Structures are given as structure tokens and as C-alpha cells.
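This is what each chain is made of:
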Amino acid sequence: LFGQGLVKQDSTFFDKSSQTSKVNLRLQYTSDWVYAGRKDSLPAPYLTPSILYAHHSGFFVKGFLSYLTSEKRVDLWGVGAGYRMNKGNLFWGIGGEFRIFNDSSYAIQSSVSAMAYTYLGYDLPWLETTVDVNGFFGDTGDILVGLELGKTFFLADHKFSIYPNAYGLWGTQRYYSEYYTYKSTTQRQKQGQGGNNPPPVIAKSVMEESTKFKFLSVDLGIAFRYRLNNITFHFLPSYAIPFNASTFNTDNTISKENLKNSFYYNVGINFLL
């Protein structure tokens, strides 16, 4: 979620018990850009280096860029800042990001140039619950609300952790409509891997009811983390299930979105200074 801009509680970047300021360096690989259970027809694998400075007061600043390995280009870079704090089992935060996508990007959030978010969570002995509210800004605006339920299990003297979780998402989809209208209708430089023939012109599609607030998806995941001194390795496989297919108007022809479940994963290393 961090690599795609939705930052909540991340134990590899923030230590609840820490009273000192820290610099975090991370390198991660995400197999595909999937959000709200949706993705582009072309895979979007990203290699993302990032740096974050976390002040002991709770404030943090960060910078990142994402290299699209399938196209061999920097597809996205951004900066962000925010504040996070915890008190006992309660934790909360607020923050924002500015993003710049490559003009040729086909990521489904490529029309989003800025985002703001806040979250509130509570860590029970048998369940960890987090609610987040996210605002997307660009040519249009969106509001999305997420609910995450999970539980962390520690092994090997707390060096190894397993976090099974489920994340549900509700919201509007103006950003997705912009992606379909302006990104999916343009001629791409290649269709599929190694394609050399000019792609056909795709008819312009307009997404209906993009302003409707609705249930969008469930992500089922399990996060594996291993901490060795100041280095943390992580592997986060996820299975996304989309809901409530959108309706598209293409040259006065009405069609339904073809929803498909997706598997994707994130793997990386984090170094704490």
C-alpha cells in the first residue's frame, strides 16, 4: 500500500516504541498496480526506492520514485509529509502526497496528482482494526474509505512476524473515469510485450455513475516480515476481489466492466538509520 500511496501503519517505517528520530531507506518491487480491485490490461510492475525521515515527535517527510520495469522508464515520482502518533493501543495519523506521473503512464491512478489521507486504528489482543479516509485530487476529486482487519503473530523472539489481513474499500471513481476516458482511449506505443505494429484507435469510453459512493473491493493479504538488527525484509502477497462493475458508454453503446480477481505481491528491504 505504501508503494501505491496509501500509507497507514507500517511497522517497517515506524516503531511504536521509538523515541528517537530515524531515517528509513527502502527498495521494493510490486508485481502490478492494482487498486480497488482494478488494473490496466498491461501489467505495471514497479521498482520503487524511497527515503523517509521520521522525527521522534511523529512528523515525517518522504520522497520516492517508481521505475516501470516493463517499459524501462521512471513512471512516477513524488514527495509527501504527515504526522503519526500512538497512545497505548490507539494509533492515528494524517498526511498527503504530491505525485507526477509520466505522460505515457497507464497506471489506473495516473490522473491523480495529489492525495490526502487520515487513519485511526486500535490494536486489540485478538484483532487490529484500522479505518482510513483518503482524498484524491487531479482534474477531478474523489473520496474513499477503507477498513482493515488483521492480526499480527510474532515468532523467533519478535524478529519474524506474520500479519494476515482483509481490507475493504468504498468510494467514488472519478479518477477511474479519467483513466478510462483519457488513458485507455489513446494509442499506445505497444500492445502487449514486444508488439511493433501500430495499435488500433480505441473508441472513447465514458464511465457512468463515477460519482456514486459504493463498495469497490476486498483485498485479502498476508504480510511476512523478518527483522535483523536495522534491516527488515518483507513479502506481501495479496488477492484483490472487485465488486460493483461500472457501466461504460462507448459511442452510445452501453457495456459493463469485466471484473476479474487479481493476485499481486510486494517484496522489499528496509534499512533503518
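Residues numbered from 1 in each chain as written. Predicted model: local features only at pLDDT ≥ 70, side-chain atom pairs only at ≥ 80, totals over all residues. Heavy atoms only, no water.

J.: How should the overall build of the protein chain be read in this particular structure?
T.: Looking only at helices and strands, the protein chain has one helix and 16 strands in total. Pairs at least 24 apart in sequence give 58% of the contacts found in the protein chain among residues at least 6 apart. Surface accessibility of the protein chain: about 13400 Å² in total, with carbon and sulfur atoms responsible for 62%. (Helix = DSSP H or I, 4+ residues; strand = E, 2+ residues; numbered from the N terminus. Contact = heavy atoms within 4.5 Å. Areas by Shrake-Rupley, 256 points an atom, 1.4 Å probe, with all protein chains shown as cover.)

J.: So what exactly am I meant to see when it comes to the pairing of strand β12 (residues 214–228) here?
T.: Regular strands place their side chains on alternate faces of the sheet. Pairing analysis gives twelve bridges linking strand β10 (residues 160–171) to β12, with the strands arranged antiparallel. Its bridge partner lying in β12, Gly168 is registered against Val218. Summarising the sheet, β12 and strand β13 (residues 231–242) pair through ten bridges and their orientation is antiparallel. Opposite Asp219, over in β13, you have Ala240 as the bridge partner. Where β12 folds back on β13, the antiparallel hairpin that results is connected by two residues, among which Asn229 adopts a positive phi of roughly 55°. (Pairing = 2+ DSSP bridges.)

J.: Is there a simple way to think about the pattern of salt bridges in this case?
T.: A complete count under the given rule lists six salt bridges for this structure. Here Asp32 makes a salt bridge to Lys39, at a shortest N to O gap of 3.9 Å. Given the relative accessible area of 8%, Asp32 is considered buried. What makes Lys39 partly exposed here is its relative accessible area of 35%. (Salt bridge = Lys/Arg side-chain N within 4 Å of Asp/Glu carboxyl O. Buried < 20%, exposed > 50% of the residue type's maximum accessible area, 1.4 Å probe, protein only.)

J.: Please clarify how the packing of aromatic side chains should be interpreted in this entry.
T.: The description of an aromatic ring pair uses the distance of the two centres, along with the angle that the planes make with each other. Counted by the stated rule, this structure contains 14 aromatic pairs. On the numbers, 4.7 Å between centres and 55° between planes, the contact of Phe59 with Tyr83 is tilted. Of this pair, Phe59 sits in strand β3 (residues 59–68) while Tyr83 sits in strand β4 (residues 73–87), placing them 24 residues apart in sequence. Seen from their ring centres, Phe224 and Phe235 are 6.4 Å apart, and the 15° between their planes marks the pair as stacked. Pair noted here: Phe224 is in strand β12 and Phe235 is in strand β13, with a separation of eleven residues, a long-range link. (Phe/Tyr/Trp six-rings, centres within 6.5 Å; stacked < 30°, edge-to-face > 60°.)

J.: I keep staring at the nonpolar core and nothing clicks. Help me out?
T.: Burial of nonpolar side chains together is a common tendency in soluble globular proteins. Core analysis: the largest hydrophobic core is formed by 31 residues, its most contacted members being Trp33, Tyr35, Phe136, Leu169, Tyr175 and Tyr176. When residues of this core are assigned to their parent elements, the largest contribution, four residues, is made by strand β6 (residues 112–123). Filtering out sequence-adjacent residues up to four positions away, Leu169 remains in contact with Tyr35, Ala36, Leu144, Val145, Gly146, Lys214, Phe215, Leu216 and Ser217. (Core = buried A, V, L, I, M, F, W, Y, C linked by side-chain atoms within 4.5 Å.)

J.: Whenever I open this one, the environment of Thr140 confuses me. Can you help?
T.: Among the secondary structure elements, Thr140 is positioned in the loop between β7 (128–138) and β8 (141–150). Measuring from C-alpha to C-alpha, the distance between Thr140 and Ser111 comes to 8.5 Å, with 29 residues separating the pair along the chain. Non-local contacts of Thr140, meaning those with residues more than four positions away in its chain, are made with Arg174, Tyr175 and Glu178.

J.: What is the right way to read the pairing of strand β14 (residues 247–250) from this model?
T.: Pairing of β14 with strand β15 (residues 253–256) involves four bridges; the strand directions are antiparallel. What sits directly across from Thr250, in β15, is Thr253. Count of turn residues in the β14/β15 antiparallel hairpin: two residues, of which Asp251 carries a positive phi of about 50°.

J.: In this structure, what is going on with unusual backbone geometry? I would like to understand it.
T.: Excluding glycine, a negative phi dihedral is what most residues carry, and trans is how most peptide bonds are arranged. Even without being glycine, Lys72 reaches a positive phi, approximately 55°. The residue Lys72 is located in the loop between β3 and β4 in this model. Phi is positive for Asp157, close to 60°, though the residue is something other than glycine. One can find Asp157 in the loop between β9 (153–155) and β10. According to the relative accessible area criterion, Asp157 is exposed, its value standing at 71%.

J.: Is there a simple way to think about the confidence of the model for the protein chain in this case?
T.: As a general rule, the predicted coordinates of low-pLDDT regions are not to be interpreted in detail. Summing up the model confidence of the protein chain, the mean pLDDT is 87 and the portion of residues at 70 or higher is 84%. Between residues 1–9, whose pLDDT stays under 50, and residues either more than four places distant or in other chains, the model counts 37 contacts. Counted against residues more than four places away or in other chains, residues 187–195, with its pLDDT under 50, gives 20 contacts. (pLDDT = per-residue confidence, 0-100.)

J.: Please explain the environment of Asn165 as it appears in this structure.
T.: By the element assignment, Asn165 lies in strand β10. Remark: the alpha-carbon pair of Asn165 and Lys151, spanning 14 residues in sequence, is separated by 6.8 Å. Those residues in contact with Asn165, other than ones at most four positions away along the chain, are Glu148, Leu149, Gly150, Asp219, Leu220, Gly221, Ile222 and Ala223. A polar side-chain atom of Asn165 sits 3.1 Å from the main-chain carbonyl oxygen of Tyr163. (Polar contact = N/O pair within 3.5 Å; in protein donor to acceptor, adjacent residues only side chain to side chain.)

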